[in-house]
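Chain by chain, the residues:
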Amino acid sequence: MSGPAGRFWAAVEDHCPGLLPEADAPLLHATLRRLLDGGDDRSARLASLRVLGCAYRGLGLRPWHAAVIGGALPGVRWWRVWRLVERTAARVGDGPAWWPAEVIGHDRAVEGVAVLTVRPWRRLPHRPGQAVPVCTPRRPGRWRWLSPANAPRPDGTIEFHVRAVPGGAVSRSLVEEVRPGDLLHLGAPADTGLELADGTDDVLLVAGGTGLAPLRALTEQVAEQPHRRRVTLVLGARTFTDVYDAIALDELQQAHDWLTIVPAFSDDPEADPAEQGTALALAIHHHRPGHHVHVCGPPAMNAAARRWLTIAGVPADHLHLPTIGER
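Everything in this summary refers to the structure shown in the same document. (Residues numbered from 1 in each chain as written. Predicted model: local features only at pLDDT ≥ 70, side-chain atom pairs only at ≥ 80, totals over all residues. Heavy atoms only, no water.)

## Let's talk about the overall build of the chain
Consideration 1: Helix and strand counts for the chain come out as ten helices and eleven strands.
Consideration 2: A compact globule built from 327 residues would reach a C-alpha radius of gyration of about 20 Å, and the chain, at 21 Å, matches this within 12%.
Consideration 3: Partitioning the contacts of the chain with sequence separation of at least 6, the portion at a separation of at least 24 is 72%.
Consideration 4: For the chain, the separation between the mean place of its 35 positive charges and that of its 36 negative charges on side chains is 8 Å. (Helix = DSSP H or I, 4+ residues; strand = E, 2+ residues; numbered from the N terminus. Rg over C-alpha atoms; globule rule 2.2 N^0.38 Å. Contact = heavy atoms within 4.5 Å. Lys, Arg positive; Asp, Glu negative; His and termini not counted. Charge placed at Lys NZ, Arg CZ, Asp CG, Glu CD.)

Put into structure tokens, the structure is as follows:
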């Protein structure tokens, strides 16, 4: 190993032999460097901090290691970043800092959206509704939140839905550059606030864009439960051609009589009148007392949901919105 990552590992090794496995040094160095440079938004910084917090615990770091790592990776904001990593480490569980995962499927579903299927080298202990920090070696050290679109599978594979956003180097790389056989790194899953509440209450799911992913995982979770809830999934899109997961959704609806999928087309004059409108407008129409409502979409949609669904009578403890990541 050569270059900055090699020098970083050698400096740590000189002071604390065996502290940092050489194979982990490049990704750890890139993540620390990116965080120190401050080149990401808040959501991406939180993803990086979660990975570093897990690395802190997994490597057995202690407060006195700050000087060792800081000396190997100088930066004016080092001590502030170290304190953030320590605080994050206190909140995460034990386990690996990251899971290598092979891309085994890459489907350009519609323009600007890809469906990736990955197989982690070790089973990733995720639950429906959670989000996972994801990093591609094509953009080293840059972590982004993605939500698995499936409940845990027997073979351990995970499906991610990714939209290439303007200015999003990681999302564009995942959509346009990554291919089967490539390696990704997955961080430890984190709760997002979208997880299903205990009980048998019926559920109203409201999806916009790739916010469909965690809500589809929740639907698969309901399918595995012994007591079926009724689920209504309102799927927002501009036009019919923007619905990127139509085949999988049709298979789900055909297989389960407790599931109703309601398309909501905001800009498609040829759609059926009952399917015209925004996802939130149709969600309010289909809301019934007792529903637990889960909403996931672009940030503006999530913000509008909190206001309009509350006005429509959804109790605060029945409204579930993502607390991390952006669609």
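Read on, since the account is not over.
## What to know about the sheet that holds strand S10 (residues 292-296)
Consideration 1: Overall, parallel pairing links the five strands, which are arranged S9-S8-S7-S10-S11 in an open sheet. In this open sheet, the two edge strands, each paired with only one partner strand, are strand S9 (259-265) and strand S11 (319-320).
Consideration 2: As judged from the seven bridges shared by strand S8 (residues 231-237) and S9, these two strands associate in the parallel manner. Looking across to S9, one finds that Val234 is bridged to Val262. (Pairing = 2+ DSSP bridges.)

## Brief notes about the packing of helix H7 (residues 212-224) against helix H8 (residues 246-255)
When two helices pack together, you describe them by how their axes are tilted relative to each other and by the distance separating the axes.
Consideration 1: Remark: H7 packs on H8, axes separated minimally by 12 Å, with the N-to-C direction vectors making an angle of 25 degrees. Between H7 and H8, the angle is such that the two are roughly parallel. You can see that H7 and H8 cross each other, and the crossing is left-handed. Within the contact between the two elements, H7 uses Leu212, Arg216 and Thr219 and H8 uses Ala248, Leu249 and Leu252.
Consideration 2: Along the lines of polarity and charge, the residues of the contact of H7 with H8 split into four nonpolar, one polar and one charged. (Axes fitted to C-alpha atoms, helices over the stretch in contact; angles between N-to-C directions. Parallel < 35°, antiparallel > 145°, perpendicular 65-115°, else oblique. Left-handed = near helix turned anticlockwise from the far one by under 90°. Nonpolar A, V, L, I, M, F, W, Y, C, P; charged D, E, K, R; others polar.)

## As for the pattern of salt bridges
Consideration 1: Overall, the coordinates contain 14 salt bridges when judged by the stated rule.
Consideration 2: Asp37 is the salt-bridge partner of Arg33, the closest N and O atoms lying 3.4 Å from each other. Residue Arg33 and its partner Asp37 are located together in helix H2 (residues 25-37), separated by four residues, close to a single helical turn.
Consideration 3: You can call Arg33 partly exposed: its relative accessible area is 27%.
Consideration 4: Put simply, Arg216 and Glu159 hold a salt bridge, and the shortest N to O gap is 2.9 Å. Here the residue Arg216 occupies a position in helix H7, and Glu159 occupies one in strand S5 (residues 158-163), the gap between them amounting to 57 residues.
Consideration 5: When its relative accessible area of 4% is taken as the criterion, Arg216 is described as buried.
Consideration 6: For Glu159, a relative accessible area of 10% corresponds to the buried category.
Consideration 7: One network of salt bridges, with partners in common, ties together Arg153, Glu159, Arg216, Glu220 and Asp245. (Salt bridge = Lys/Arg side-chain N within 4 Å of Asp/Glu carboxyl O. Buried < 20%, exposed > 50% of the residue type's maximum accessible area, 1.4 Å probe, protein only.)

## Examining the nonpolar core
Consideration 1: Grouped together as the largest cluster of nonpolar side chains are 60 residues, with contacts concentrated most on Phe8 and Leu186.
Consideration 2: If sequence neighbours within four positions are ignored, Phe8 has contacts with Leu20, Ala25, Leu28, His29, Leu32, Ile69, Ala72 and Leu73.
Consideration 3: With 27 residues, the next largest nonpolar core counts Ala207, Leu212, Val231 and Phe265 among its residues. (Core = buried A, V, L, I, M, F, W, Y, C linked by side-chain atoms within 4.5 Å.)

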